[in-house]
Amino acid sequence: MQIQFDRTGGFAGIRQHHGFSSDSMSAEEQQKLTALLNSARFFELPAVIRDQGPGADQFQYKISVQTEQGSHTVQVDEAAMPSQLVPLFEWLKSAASNR
C-alpha cells in the first residue's frame, strides 16, 4: 500500500508532502492503517469535499491511497472534514510529524 498525504493553504500557504509505504511499516502499523481506512470508508468518499462557508487561511488536504485492489484520492477542506475521516487524518498527521 502506498499513501500520499499533502497539506496546502494556511496563513503562509506552505505545501507539505509526505509519502508512506506499508513496506516500511510494522505488521501492527499496517493493521491499524487498514482498519482506519476501512472505518473511514475511504474508497467510498467523494474525490472532493469542500467547505461551503468562508474560510480564509484554512488548510486543504489531499490523501491518495494505492493498494493492490485499486487507488483513490480525496481532497478535503479542513472545515469540511467528515467525522469518519478524522481518525485516519489524525494518524497520517501524527505519522508525518514523526518522520
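No experiment lies behind these values; they were computed from the predicted model shown.

### Observations concerning the sheet that holds strand 3 (residues 48-49)
Taken together, the five strands give an open sheet; going across it, the order is 2-1-4-5-3, and neighbouring strands pair in mixed fashion. One side of each edge strand has no neighbouring strand; the edge strands of this open sheet are strand 2 (16-21) and strand 3. Taken together, the six bridges between strand 1 (residues 2-9) and strand 2 define a ladder with antiparallel strand orientation. The residue of strand 2 that forms the bridge with Ile 3 is Phe 20. Helix 2 (residues 86-97) contacts strand 1, strand 2 and strand 4 (59-67) of the sheet and is inclined by roughly 85° relative to strand 1.

### Things to note about the packing of helix 1 (residues 27-40) against helix 2
At a minimum axis separation of 8 Å, helix 1 and helix 2 run at an interaxial angle of 145°. Crossing angle aside, the handedness with which helix 1 passes helix 2 is left-handed. Within the contact between the two elements, helix 1 uses Lys 32, Leu 33, Leu 36 and Leu 37 and helix 2 uses Pro 87, Leu 88 and Trp 91. Taken together, the residues of the contact of helix 1 with helix 2 break down into six nonpolar, no polar and one charged.

### Focus on the pairing of strand 5 (residues 70-77)
Residues in a regular strand project their side chains so that they alternate between the two faces of the sheet. Note: strand 3 against strand 5, two bridges, orientation parallel. For Val 48, the partnering residue across the bridge sits in strand 5 and is Gln 75. As defined by bridge partners, strand 4 adjoins strand 5 across eight bridges and the pair is classed as antiparallel. Each residue of the ladder has a partner; that of Thr 67, found in strand 5, is Gly 70. Where strand 4 folds back on strand 5, the antiparallel hairpin that results is connected by two residues.

Cut-offs used in this document
- Residues numbered from 1 in each chain as written.
- Predicted model: local features only at pLDDT ≥ 70, side-chain atom pairs only at ≥ 80, totals over all residues.
- Heavy atoms only, no water.
- Pairing = 2+ DSSP bridges.
- Helix = DSSP H or I, 4+ residues; strand = E, 2+ residues; numbered from the N terminus.
- Contact = heavy atoms within 4.5 Å.
- Axes fitted to C-alpha atoms, helices over the stretch in contact; angles between N-to-C directions.
- Left-handed = near helix turned anticlockwise from the far one by under 90°.
- Nonpolar A, V, L, I, M, F, W, Y, C, P; charged D, E, K, R; others polar.

Keep in mind that these numbers describe shape and distance, not what the molecule does.
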